[in-house]
Amino acid sequence: MSDLDQLTQSLARNLKRWRGERGFTLDALAARAGVSRGMIIQIEQARTNPSVGTTVKLADALGVSITTLLDYEQGSPVRLVPESQAVRMWSTDAGSSTTLLVGTEARGPLELWSWRLMPGDSSDSDPHPEGTVELLHVTAGELTLVVDGTSYSVPAGGSATFEAHHPHAYRNDCSEPTEVTMAVSIPPVR
């Protein structure tokens, strides 16, 4: 079984599990996530690989991290994630990418990300649930962070935090690659 097949099967199994644990019908989850009922059915039947945006919307609607939707090995008090098991979530032909390094459900989902944006590339994000906070640290290049329509320049060595329930985007307006480490804290579903 390929890594992609394993990921598809894991997502199908975990989406069904978390939807059931939350007591959400297909229609309720579809309305809450802004994802069609048909798409959710296809994901739960492992017939499609959804986009990163769709996966984020489903995770947000369920109040879990993307890691929880994609992971199938949890239980030990220590969870080691070798580089080979980090999940590439987004990439472009130019070489930009995001990688979900690790995440946890302790006191609400918490995720750690590694981003690489090539010159001229960008990634837009839909608003997350109220109470979601992102923290980021630029390790190389310069990041243009756009939150609620306002641009902020974050150079290498700089950090930023923001309330991620606002529309936001990450851009590399420079001539060299930008590398960012980011943590996302998501409030638990109440």
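Reference entry: report on the structure contained in this document.

Cut-offs used in this document
- Residues numbered from 1 in each chain as written.
- Predicted model: local features only at pLDDT ≥ 70, side-chain atom pairs only at ≥ 80, totals over all residues.
- Heavy atoms only, no water.
- Helix = DSSP H or I, 4+ residues; strand = E, 2+ residues; numbered from the N terminus.
- Contact = heavy atoms within 4.5 Å.
- Buried < 20%, exposed > 50% of the residue type's maximum accessible area, 1.4 Å probe, protein only.
- Polar contact = N/O pair within 3.5 Å; in protein donor to acceptor, adjacent residues only side chain to side chain.
- Salt bridge = Lys/Arg side-chain N within 4 Å of Asp/Glu carboxyl O.

### Side note on the side chain of Ser97
Here Ser97 lies in strand 2 (residues 97-104). Beyond its immediate chain neighbours, meaning those up to four positions away, Ser97 contacts Arg88, Trp90, Ser91, Ser114, Trp115 and Arg116.

### Looking at the environment of Ser10
Residue position: Ser10 is located in helix 1 (residues 3-22). Under the relative-accessibility criterion, Ser10 is labelled buried at 0%. C-alpha separation for the pair Ser10 and Glu44, spaced 34 residues apart in sequence, amounts to 9.5 Å. Within polar-contact distance, the side chain of Ser10 engages the backbone oxygen of Leu70 at 2.7 Å.

### Here we look at the pattern of salt bridges
Across all of its chains, the model carries six salt bridges by this definition. The partner of Asp27 in a salt bridge is Arg37, with the nearest N and O atoms 3.1 Å apart. With a gap of 10 residues between them, Asp27 in helix 2 (residues 26-33) and Arg37 in helix 3 (residues 37-44) connect regions that are remote in the sequence. Overall, Asp27 belongs to the partly exposed group, its relative accessible area being 48%. As a salt-bridge pair, Glu179 and Arg116 come within 2.4 Å of each other at their nearest N and O atoms. Taken together, the positions of Glu179 in strand 10 (residues 178-185) and Arg116 in strand 3 (residues 110-117) put the pair 63 residues apart, joining distant regions of the chain.

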